[in-house]
Amino acid sequence: MSLTIRKVAGALGAEISGADLSADLPGSVIAQIRAALVEHQVIFFRDQSLSPEDQVAFGRRFGPLNIHPYVRGMDGHPEVMEIIKEPADKTNFGGGWHSDTSFLERPAIGSILYALELPEWGGDTLFSSQVAAYEALSPGLKATLEGLSAVHSAGREYSAQGHSAQKRGSMSVVEAEGAVGEFIHPVVLVHPESGRKALYVNPAFTLRIEGWTKRESRPLLDFLFEHCRYEGYTCRFNWRPGSVAFWDNRQVWHFALNDYPGQRRYMRRVTVDPA
Ligand code: SIN
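All of the points below concern the structure found in this document. (Residues numbered from 1 in each chain as written. Predicted model: local features only at pLDDT ≥ 70, side-chain atom pairs only at ≥ 80, totals over all residues. Heavy atoms only, no water.)

1. Quick notes on the overall build of the protein
Counted only if it meets this: Elements are defined by DSSP. Helices are runs of H or I of four residues or more, strands are runs of E of two residues or more, and each kind is numbered from the N terminus. Values of the radius of gyration come from C-alpha atoms, whereas the globule rule sets the reference at 2.2 Å times the count of residues to the power 0.38. Relative accessibility decides the category of a residue: with a 1.4 Å probe and only protein chains considered, values under 20% of the type maximum give buried, values over 50% give exposed, and everything between is partly exposed. Should any heavy atoms of two residues lie within 4.5 Å, those residues are counted as being in contact. Surface accessibility in these figures is a Shrake-Rupley result with a 1.4 Å probe; residues are shielded only by whichever protein chains are displayed. By the counting rule applied here, Lys and Arg register as positive and Asp and Glu as negative, while His and the ends of each chain are not counted. A single reference atom marks each charge: NZ on Lys, CZ on Arg, CG on Asp, CD on Glu.
In terms of regular secondary structure, the protein is built from seven helices and 15 strands. Whereas a compact globule of 275 residues would reach a radius of gyration of roughly 19 Å, the protein reaches 18 Å, a difference of no more than 12%. Seen through its C-alpha atoms, the protein measures out along the principal axes to roughly 50 × 40 × 35 Å. For the protein, with 275 residues in total, the buried portion stands at 56%. Taking as baseline every contact in the protein between residues at least 6 positions apart, the subset at least 24 positions apart corresponds to 81%. As displayed, the protein has an accessible area near 11,800 Å², and 51% of this comes from carbon and sulfur atoms. The distance from the centre of the 28 positive side-chain charges to the centre of the 32 negative ones in the protein is 3 Å.

Encoded structure:
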């Protein structure tokens, strides 16, 4: 089986053809897909047909699958998250820049999203390369950031007062009781497979710089959040039914656009944890 890999933008992203993700792919093909993911940061496939079992089996080739602590999975498939926006829903899931589960002690390495039903227009997903964002910084700021860690938490999104709890629409979001844990990750992440450095803070889940107050952290985080979404670091994926996006959460942010009022969008995601 030979894969064709075509870059889609300057900073990140590639579309891969020649693989049927529902098949029991040979280890050599999985290795090529993994290498493409590490190199291109987010990879796209078209015209796939995946049952929940197929998506779970494909995801497991890359590591154990996460069961999301706050979003209930599909009946019978707890690892499969259904991302649904019904015509009457005003808000969507993932409608802000973030890296999946950075609020966990061991955040997800990858997410595999499969499109089943799409609006007639809109509903694209944006991706932003945090490698490009890191590389564009001055040597002085890079050196400063490399000495820092940041505190991440799901509290702002998933606590009883959190954004997702308040605006969950058709998604089944479990409200986190009381305090939600805080976990510390380096601000500059060294990719374990490529050795490349990327910024690892995001507006949804990063609360403050470790050892700094919230007020002290705000100007630096605001600068980074603005910097990290610069258009030149991004690509945009226009979904069709059967499309799959597989992104590396250690290298990219993503953002699900909410520009299709009155229409339905239905996706399924599995999320790969570190081994
Ligand atoms: C997400 O995983 O954050 C949702 C992405 C999307 O629905 O496009």
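Now that the structure has been shown, we can carry on.
2. Remarks on the sheet that holds strand β6 (residues 125-129)
Inclusion rule: For two strands to pair, DSSP has to find at least two bridges joining them. Every axis corresponds to a line fitted to the C-alpha atoms, with the helix fit spanning only the stretch in contact, and the corresponding angles, defined between N-to-C directions, vary from 0 to 180 degrees.
The strand order across the open sheet built from three strands is β12-β6-β14, with neighbouring strands paired in antiparallel fashion. Looking at strand neighbours, the two that pair on one side only are β12 (234-237) and β14 (252-256), the edges of this open sheet. Neighbour-to-neighbour, the strand axes of this sheet turn through a mean angle of 20 degrees, independent of strand direction. Sheet topology note: the β6/β12 ladder contains four bridges and is antiparallel. Looking across to β12, one finds that S128 is bridged to T234.

3. Regarding the sheet that holds strand β8 (residues 182-186)
Taken in spatial order, the three strands line up as β8-β7-β11 in an open sheet, and their pairing is antiparallel. Each end of this open sheet is capped by a strand with a single partner; those strands are β8 and β11 (206-209). The mean inter-strand angle of the sheet, taken between neighbouring strand axes irrespective of direction, is 30 degrees. Strand direction decides the pairing type here: strand β7 (residues 149-153) and β8, joined by five bridges, are antiparallel.

4. A few points about the packing of aromatic side chains
Which entries qualify depends on this criterion: Pairing of aromatic rings covers Phe, Tyr and the six-membered ring of Trp, with a centre-to-centre limit of 6.5 Å; geometry is then stacked below 30 degrees between planes, edge-to-face above 60, and tilted otherwise.
Per the counting criterion, the structure on display carries 16 aromatic pairs. Centroid distance F62 to F246: 4.9 Å. Interplanar angle 80 degrees. Geometry classified as edge-to-face. One end of the pair, F62, is in the loop between α2 (52-60) and β4 (81-85); the other, F246, is in strand β13 (residues 244-248), and 184 residues separate them in sequence. Each member of the pair, F62 together with F246, is buried. Here the aromatic rings of F127 and W247 are separated by 5.4 Å at their centres, their planes lie at 55 degrees, and the arrangement is tilted. One end of the pair, F127, is in strand β6; the other, W247, is in strand β13, with 120 residues separating them in the sequence. The pair formed by F127 and W247 is uniform in burial state, with each residue classed as buried.

5. Notes on α2
For clarity, the cut-off: Each direction from the helix axis to a C-beta atom contributes to the arc, which is the arc of those directions.
Here α2 has its buried residues at P52, Q55, V56, F58 and G59. Buried residues of α2 fall within an arc of 165 degrees about the axis and therefore sit on the same side. Where α2 is buried, its residues touch α1 (27-40), β5 (110-117), β13 and β15 (265-272).

6. A few points about the side chain of H68
We count it as follows: N or O atoms closer than or at 3.5 Å make up a polar contact, with two conditions inside protein: a donor-capable atom paired with an acceptor-capable one, and, for residues adjacent in sequence, both atoms drawn from side chains.
Counting through the fold element by element, H68 comes out in the loop between α2 and β4. For H68, a relative accessible area of 9% translates into the label buried. Among the polar contacts listed, one links the side chain of H68 to the backbone nitrogen of Y70, at a separation of 3.0 Å. At 3.0 Å, the side chain of H68 and the backbone nitrogen of V71 are in polar contact. When near neighbours in sequence (up to four residues on either side) are disregarded, H68 contacts M81, T101, F103, Y158 and R269.

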